[in-house]
Amino acid sequence: MFFLLIFLCCLPAVSRAVQSGSLPEVTDTFVVSADTTVAKLGKMLNISKPLKLTVYKADGSIRPSGPLATGDRAVIQNPSGDVIGCILITVEGQSSPSSAASSAVSSEVSSEVSSAPASESSEPEAPSSQPESSETTSSAPQPEIQQEFVLENSIPVSSAVQLLSGIASRVTVIAPDGSARKDGLICTGDQLVLQDENGNVFRTINVTVLGDLTRCGRPTESACSILYDYLIGNTSLPADLSAAANVNRDQRIDTADLLRLKQKILENSSSGE
(Lines give C-alpha, C1' and ligand atoms only; values in the text may rest on other atoms or scores of the structure.)
Protein backbone atom coordinates (compact mmCIF):
# COMPACT_ATOMS: atom_id res chain seq x y z
CA MET A 1 0.00 0.00 0.00
CA PHE A 2 2.18 2.84 0.97
CA PHE A 3 5.53 2.13 2.64
CA LEU A 4 4.84 -1.23 4.30
CA LEU A 5 8.24 -1.81 5.94
CA ILE A 6 7.56 -5.19 7.49
CA PHE A 7 8.61 -8.37 5.78
CA LEU A 8 11.59 -10.58 5.04
CA CYS A 9 13.16 -11.50 1.70
CA CYS A 10 16.05 -9.71 0.07
CA LEU A 11 16.34 -9.06 -3.70
CA PRO A 12 18.20 -12.27 -4.62
CA ALA A 13 15.52 -14.25 -2.78
CA VAL A 14 12.83 -12.45 -4.75
CA SER A 15 14.63 -13.30 -7.99
CA ARG A 16 14.75 -16.96 -7.05
CA ALA A 17 11.05 -16.90 -6.16
CA VAL A 18 10.16 -15.48 -9.56
CA GLN A 19 12.33 -18.03 -11.33
CA SER A 20 10.64 -20.85 -9.45
CA GLY A 21 7.21 -19.62 -10.54
CA SER A 22 6.15 -17.88 -7.32
CA LEU A 23 6.15 -14.31 -6.10
CA PRO A 24 6.31 -12.81 -2.58
CA GLU A 25 3.24 -13.30 -0.41
CA VAL A 26 0.49 -10.76 -1.09
CA THR A 27 0.08 -8.20 1.71
CA ASP A 28 -2.82 -6.28 0.17
CA THR A 29 -5.11 -6.03 -2.84
CA PHE A 30 -5.84 -2.79 -4.68
CA VAL A 31 -8.42 -1.87 -7.29
CA VAL A 32 -7.12 0.68 -9.81
CA SER A 33 -8.62 2.41 -12.83
CA ALA A 34 -8.01 1.11 -16.35
CA ASP A 35 -5.65 3.97 -17.18
CA THR A 36 -3.26 3.25 -14.29
CA THR A 37 0.31 2.68 -15.47
CA VAL A 38 3.42 1.47 -13.66
CA ALA A 39 4.62 5.08 -13.32
CA LYS A 40 1.21 6.29 -12.08
CA LEU A 41 1.10 3.49 -9.50
CA GLY A 42 4.48 4.61 -8.18
CA LYS A 43 3.10 8.13 -7.68
CA MET A 44 -0.09 6.79 -6.05
CA LEU A 45 2.00 4.79 -3.57
CA ASN A 46 4.34 7.75 -3.06
CA ILE A 47 7.33 5.54 -3.90
CA SER A 48 10.60 7.45 -4.13
CA LYS A 49 14.26 6.70 -3.57
CA PRO A 50 15.62 4.83 -1.73
CA LEU A 51 12.54 2.59 -2.01
CA LYS A 52 12.10 0.48 -5.13
CA LEU A 53 8.89 -0.55 -6.88
CA THR A 54 8.84 -3.51 -9.30
CA VAL A 55 5.66 -4.68 -11.03
CA TYR A 56 5.45 -8.36 -11.95
CA LYS A 57 2.98 -9.81 -14.41
CA ALA A 58 0.87 -12.83 -13.47
CA ASP A 59 3.39 -15.10 -15.22
CA GLY A 60 6.24 -13.81 -13.03
CA SER A 61 7.93 -11.63 -15.65
CA ILE A 62 8.61 -7.95 -14.97
CA ARG A 63 6.30 -5.26 -16.32
CA PRO A 64 8.74 -2.35 -16.80
CA SER A 65 6.18 0.23 -17.93
CA GLY A 66 2.77 0.79 -19.46
CA PRO A 67 -0.77 -0.02 -18.22
CA LEU A 68 -1.29 -2.43 -15.34
CA ALA A 69 -3.31 -5.63 -15.74
CA THR A 70 -5.41 -7.59 -13.29
CA GLY A 71 -3.18 -10.17 -11.61
CA ASP A 72 -0.07 -7.95 -11.56
CA ARG A 73 1.85 -7.74 -8.29
CA ALA A 74 3.56 -4.57 -7.14
CA VAL A 75 6.58 -5.46 -5.00
CA ILE A 76 8.06 -2.73 -2.79
CA GLN A 77 11.62 -3.08 -1.47
CA ASN A 78 13.66 -1.02 0.95
CA PRO A 79 17.31 0.05 0.35
CA SER A 80 18.55 -3.29 1.72
CA GLY A 81 16.48 -5.20 -0.81
CA ASP A 82 13.96 -6.43 1.78
CA VAL A 83 10.44 -6.94 0.46
CA ILE A 84 8.23 -4.64 2.55
CA GLY A 85 5.00 -5.09 0.63
CA CYS A 86 3.45 -7.09 -2.21
CA ILE A 87 0.21 -5.69 -3.64
CA LEU A 88 -2.10 -7.72 -5.87
CA ILE A 89 -3.56 -5.46 -8.57
CA THR A 90 -7.13 -5.60 -9.86
CA VAL A 91 -7.96 -3.30 -12.79
CA GLU A 92 -11.55 -2.08 -12.97
CA GLY A 93 -13.45 -3.89 -15.72
CA GLN A 94 -10.76 -6.54 -16.24
CA SER A 95 -11.18 -10.18 -15.31
CA SER A 96 -8.34 -12.19 -13.84
CA PRO A 97 -5.99 -13.95 -16.30
CA SER A 98 -7.27 -17.34 -15.21
CA SER A 99 -10.98 -16.52 -15.42
CA ALA A 100 -11.35 -17.57 -19.05
CA ALA A 101 -9.62 -20.88 -18.42
CA SER A 102 -11.68 -21.44 -15.27
CA SER A 103 -14.87 -20.72 -17.22
CA ALA A 104 -13.91 -23.20 -19.93
CA VAL A 105 -13.11 -25.91 -17.38
CA SER A 106 -16.35 -25.19 -15.54
CA SER A 107 -18.37 -25.47 -18.77
CA GLU A 108 -16.64 -28.72 -19.67
CA VAL A 109 -17.32 -30.25 -16.26
CA SER A 110 -20.95 -29.09 -16.34
CA SER A 111 -21.37 -30.64 -19.80
CA GLU A 112 -19.94 -33.96 -18.65
CA VAL A 113 -22.16 -34.03 -15.56
CA SER A 114 -25.34 -33.18 -17.49
CA SER A 115 -24.65 -35.80 -20.15
CA ALA A 116 -23.72 -38.58 -17.71
CA PRO A 117 -26.48 -41.26 -17.34
CA ALA A 118 -28.26 -41.38 -14.01
CA SER A 119 -27.43 -44.35 -11.80
CA GLU A 120 -30.19 -46.98 -11.72
CA SER A 121 -29.73 -47.57 -8.01
CA SER A 122 -29.88 -43.90 -7.09
CA GLU A 123 -32.69 -42.82 -4.78
CA PRO A 124 -34.30 -39.40 -4.52
CA GLU A 125 -32.46 -37.19 -2.06
CA ALA A 126 -34.25 -36.43 1.16
CA PRO A 127 -34.93 -32.72 1.63
CA SER A 128 -32.36 -31.10 3.84
CA SER A 129 -33.50 -29.45 7.04
CA GLN A 130 -30.31 -27.36 7.17
CA PRO A 131 -30.34 -23.84 5.68
CA GLU A 132 -28.22 -23.19 2.61
CA SER A 133 -24.67 -22.42 3.68
CA SER A 134 -24.28 -19.81 0.95
CA GLU A 135 -27.11 -17.74 2.44
CA THR A 136 -25.53 -17.91 5.88
CA THR A 137 -22.05 -16.89 4.73
CA SER A 138 -23.26 -14.09 2.48
CA SER A 139 -24.98 -12.29 5.37
CA ALA A 140 -22.18 -12.80 7.87
CA PRO A 141 -19.70 -9.91 8.31
CA GLN A 142 -16.06 -10.49 7.45
CA PRO A 143 -13.81 -11.25 10.44
CA GLU A 144 -11.74 -8.24 11.47
CA ILE A 145 -8.04 -8.38 10.57
CA GLN A 146 -5.41 -6.56 12.64
CA GLN A 147 -2.30 -5.40 10.78
CA GLU A 148 0.86 -3.52 11.68
CA PHE A 149 2.31 -1.16 9.05
CA VAL A 150 5.67 0.57 9.40
CA LEU A 151 6.27 3.57 7.14
CA GLU A 152 9.73 4.83 6.20
CA ASN A 153 8.14 8.24 5.58
CA SER A 154 4.64 9.42 6.37
CA ILE A 155 2.00 10.29 3.78
CA PRO A 156 -0.96 12.70 3.93
CA VAL A 157 -4.21 11.45 5.42
CA SER A 158 -5.98 12.26 2.14
CA SER A 159 -3.57 10.06 0.17
CA ALA A 160 -4.01 7.13 2.56
CA VAL A 161 -7.81 7.41 2.40
CA GLN A 162 -7.81 7.65 -1.39
CA LEU A 163 -5.49 4.67 -1.72
CA LEU A 164 -7.45 2.45 0.66
CA SER A 165 -10.79 3.39 -0.88
CA GLY A 166 -10.07 0.74 -3.49
CA ILE A 167 -10.63 -2.00 -0.91
CA ALA A 168 -12.97 -0.33 1.62
CA SER A 169 -16.26 1.57 1.45
CA ARG A 170 -15.14 3.82 4.28
CA VAL A 171 -11.68 4.63 5.66
CA THR A 172 -11.25 6.47 8.97
CA VAL A 173 -7.95 7.58 10.50
CA ILE A 174 -8.06 7.48 14.29
CA ALA A 175 -5.39 9.41 16.24
CA PRO A 176 -3.87 7.98 19.47
CA ASP A 177 -6.23 10.16 21.56
CA GLY A 178 -9.25 8.54 19.87
CA SER A 179 -10.20 11.52 17.70
CA ALA A 180 -10.61 11.32 13.93
CA ARG A 181 -7.62 12.68 12.01
CA LYS A 182 -9.07 14.35 8.90
CA ASP A 183 -6.00 16.08 7.48
CA GLY A 184 -2.25 16.46 7.88
CA LEU A 185 0.17 13.54 7.99
CA ILE A 186 -0.34 9.97 9.16
CA CYS A 187 1.44 9.70 12.54
CA THR A 188 2.88 7.01 14.77
CA GLY A 189 0.07 5.47 16.81
CA ASP A 190 -2.64 6.23 14.25
CA GLN A 191 -5.12 3.52 13.28
CA LEU A 192 -6.60 3.13 9.81
CA VAL A 193 -10.07 1.64 10.24
CA LEU A 194 -11.57 0.01 7.13
CA GLN A 195 -15.31 -0.66 6.86
CA ASP A 196 -17.37 -2.51 4.26
CA GLU A 197 -20.58 -1.26 2.62
CA ASN A 198 -22.60 -2.44 5.64
CA GLY A 199 -20.48 -0.46 8.09
CA ASN A 200 -18.69 -3.53 9.46
CA VAL A 201 -15.03 -3.03 10.39
CA PHE A 202 -13.06 -5.72 8.53
CA ARG A 203 -9.52 -4.42 8.95
CA THR A 204 -7.63 -2.21 11.40
CA ILE A 205 -4.13 -1.04 10.50
CA ASN A 206 -1.86 0.19 13.30
CA VAL A 207 0.69 2.60 11.86
CA THR A 208 4.26 3.37 12.89
CA VAL A 209 6.28 6.10 11.15
CA LEU A 210 10.01 5.57 11.55
CA GLY A 211 11.60 8.39 13.55
CA ASP A 212 8.24 9.93 14.52
CA LEU A 213 8.56 9.87 18.31
CA THR A 214 6.43 12.98 18.82
CA ARG A 215 3.39 11.69 16.89
CA CYS A 216 3.56 14.55 14.40
CA GLY A 217 4.26 12.43 11.29
CA ARG A 218 7.95 13.30 10.83
CA PRO A 219 11.32 13.06 12.59
CA THR A 220 12.19 16.14 14.67
CA GLU A 221 14.87 17.44 17.01
CA SER A 222 12.48 16.71 19.87
CA ALA A 223 12.41 13.09 18.71
CA CYS A 224 16.22 13.04 18.95
CA SER A 225 16.00 14.25 22.56
CA ILE A 226 13.42 11.58 23.40
CA LEU A 227 15.55 8.85 21.85
CA TYR A 228 18.70 10.12 23.60
CA ASP A 229 16.93 10.09 26.99
CA TYR A 230 15.79 6.53 26.27
CA LEU A 231 19.32 5.40 25.40
CA ILE A 232 20.79 6.76 28.63
CA GLY A 233 17.98 5.22 30.67
CA ASN A 234 16.13 8.40 31.65
CA THR A 235 12.83 7.39 30.09
CA SER A 236 10.91 4.45 28.65
CA LEU A 237 8.93 4.19 25.42
CA PRO A 238 5.51 2.64 24.76
CA ALA A 239 5.33 -0.13 22.17
CA ASP A 240 4.46 2.04 19.17
CA LEU A 241 7.18 4.60 19.92
CA SER A 242 9.68 1.79 20.46
CA ALA A 243 8.90 0.58 16.94
CA ALA A 244 9.31 4.15 15.63
CA ALA A 245 12.64 4.49 17.48
CA ASN A 246 14.06 1.43 15.71
CA VAL A 247 14.80 3.67 12.74
CA ASN A 248 17.22 1.32 10.96
CA ARG A 249 14.91 -1.71 11.43
CA ASP A 250 17.54 -4.02 12.97
CA GLN A 251 15.22 -5.08 15.84
CA ARG A 252 17.21 -3.21 18.51
CA ILE A 253 17.31 0.41 19.62
CA ASP A 254 20.81 1.85 19.94
CA THR A 255 23.02 4.79 18.95
CA ALA A 256 22.84 3.70 15.30
CA ASP A 257 19.14 4.59 15.38
CA LEU A 258 19.94 8.01 16.82
CA LEU A 259 22.43 8.65 14.02
CA ARG A 260 19.92 7.49 11.40
CA LEU A 261 17.24 9.71 12.97
CA LYS A 262 19.50 12.76 12.69
CA GLN A 263 20.26 11.80 9.10
CA LYS A 264 16.52 11.65 8.29
CA ILE A 265 16.06 15.14 9.75
CA LEU A 266 18.85 16.45 7.53
CA GLU A 267 17.37 14.70 4.49
CA ASN A 268 13.96 16.24 5.15
CA SER A 269 15.53 19.66 5.70
CA SER A 270 17.45 19.51 2.42
CA SER A 271 14.32 18.43 0.54
CA GLY A 272 12.35 21.32 1.98
CA GLU A 273 9.98 19.28 4.17
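Keep in mind the model is a prediction, meaning the values are calculated, not measured. Going along each chain's sequence as written, the residues are numbered from 1 onward. Where totals are concerned, whole chains, interfaces and linings use all residues; where local detail is concerned, this predicted model gives features only for residues with pLDDT of at least 70, and gives and counts side-chain atom pairs only at 80 or more. Remark: hydrogens and water are excluded; side-chain values derive from all non-hydrogen atoms of the structure.

### Notes on the sheet that holds strand 6 (residues 170-174)
Convention followed: Criterion used throughout: strands pair if DSSP finds at least two bridges between them. In this text, helices come from DSSP runs of H or I with a minimum length of four residues, and strands from runs of E with a minimum of two, each type numbered from the N-terminal end. In this description, a line fitted to the C-alpha atoms serves as the axis of each element, helices being fitted only across the stretch in contact, and the angle between N-to-C directions of two axes falls anywhere from 0 to 180 degrees. In this analysis, two residues are considered to be in contact whenever any of their non-hydrogen atoms come within 4.5 Å of each other.
Strand order in this open sheet of four strands is 5-8-7-6, and the pairing throughout is mixed. Of all the strands in the sheet, the pair left with one neighbour each is strand 5 (145-151) and strand 6. Within the sheet, the average angular offset between the axes of one strand and its neighbour, ignoring direction, is 20°. Sheet topology note: the strand 5/strand 8 (residues 201-209) ladder contains seven bridges and is parallel. Paired with V150 across the bridge in strand 8 is T208. Sitting on the sheet, helix 5 (residues 157-164) is in contact with strand 6 and strand 7 (191-195), with an inclination near 150° to strand 6.

### Overview of the sheet that holds strand 4 (residues 83-91)
Where strands meet in a sheet, backbone hydrogen bonds hold them as pairs that are either parallel or antiparallel. Taken in spatial order, the four strands line up as 1-4-3-2 in an open sheet, and their pairing is mixed. Lying at the two open borders of the sheet, with one neighbouring strand each, are strand 1 (28-32) and strand 2 (52-56). Taking each pair of neighbouring strands and ignoring which way they run, the sheet shows an average axis angle of 30°. As defined by bridge partners, strand 2 adjoins strand 3 (residues 73-77) across five bridges and the pair is classed as antiparallel. Looking at the pairing, V55 lines up with A74 of strand 3.

### Looking at helix 6 (residues 221-231)
Residues spaced three or four apart along an α-helix face the same direction, because each turn holds 3.6 residues. Here is the rule we go by: Think of it in three bands: residues with accessible area under 20% of the maximum for their type are buried, residues over 50% are exposed, and the middle band is partly exposed, with areas taken using a 1.4 Å probe on protein chains only. For this quantity, the arc is that covered by the directions from the helix axis to the C-beta atoms.
What helix 6 keeps buried is the set A223, C224 and L227. Down the axis of helix 6, the buried side of the element spans an arc of 100°, and every buried residue falls inside it. The secondary structure elements touched by the buried residues of helix 6 are helix 7 (239-245) and helix 8 (255-270). Looking at the residues trailing helix 6, positive phi occurs at G233, about 85°.

### Section: the environment of F202
Among the secondary structure elements, F202 is positioned in strand 8. Along the chain, F202 and Q146 lie 56 residues apart, while their C-alpha atoms are 8.7 Å from each other.

### As for the packing of helix 6 against helix 8
Each packed pair of helices is defined by two parameters, the angle between the axes and the distance between the axes. The line we're drawing: An angle below 35 degrees is treated as roughly parallel, one above 145 as roughly antiparallel, one from 65 to 115 as roughly perpendicular, and anything else as oblique. Residue type decides the class: Asp, Glu, Lys and Arg count as charged, Ala, Val, Leu, Ile, Met, Phe, Trp, Tyr, Cys and Pro as nonpolar, and the leftover types, Gly among them, as polar.
Relative orientation of the contacting elements helix 6 and helix 8 amounts to 175°, with a least axis distance of 10 Å. In terms of their interaxial angle, helix 6 and helix 8 are classed as roughly antiparallel. Residues E221, A223, C224, L227, Y228 and L231 of helix 6 form the contact with helix 8, whose own contacting residues are T255, D257, L258, L261, K262 and I265. Looking at side-chain class alone, the contact of helix 6 with helix 8 contains eight nonpolar, one polar and three charged residues.

### Details of the pattern of salt bridges
Note on pairing: side chains with opposite charge can pair once their charged atoms come close. Condition: Every case where a carboxyl oxygen of Asp or Glu lies within 4 Å of a side-chain nitrogen of Lys or Arg is listed as a salt bridge.
Counted according to the given criterion, the structure contains nine salt bridges. The residue R63 makes a salt bridge to D72 at a minimum N-O spacing of 2.6 Å. D72 carries the same exposure label as R63, and that label is buried. Via salt bridges that share partners, E152, R260, K264 and E267 belong to a single interconnected network.

### Focus on the side chain of T36
Considering the arrangement of structural elements, one finds T36 in the loop between strand 1 and helix 2 (38-44). Among residues more than four places away in sequence, those in contact with T36 are L41, M44, P67 and L68.

### Considerations on the nonpolar core
Inclusion rule: Nine residue types can take part in a nonpolar core, namely buried Ala, Val, Leu, Ile, Met, Phe, Trp, Tyr and Cys, and a core is a set of them joined through side-chain atoms within 4.5 Å.
Formed by 32 residues in total, the largest nonpolar core has its most connected members in L45, L68, I186, L192 and L194. Apart from the residues lying within four places of it in its own chain, the contact partners of L68 are V32, T36, T37, V38, L41, V55, R63, I89, V91 and Q94. Counting 12 residues, the second-largest nonpolar core is a separate cluster that includes L213, A223, L241 and L261.

### Some remarks on helix 8
What counts here: For a helix, the expected span equals 1.5 Å multiplied by the number of residues minus one. Pairs of N or O atoms within 3.5 Å make up the polar contacts considered here, provided that, within protein, one atom can donate a hydrogen while the other can accept it, and that residues adjacent in sequence are counted only when both atoms are side-chain atoms.
Counted at 1.5 Å a residue, the expected span for helix 8 with its 16 residues is 22 Å, and the 23 Å between its end C-alpha atoms agrees. Residues of helix 8 that are buried sit in contact with helix 6 and helix 7. Two or three places before A256, at the opening of helix 8, D254 has a side-chain oxygen 3.1 Å from that residue's backbone nitrogen.

Keep in mind these values describe shape, not function.
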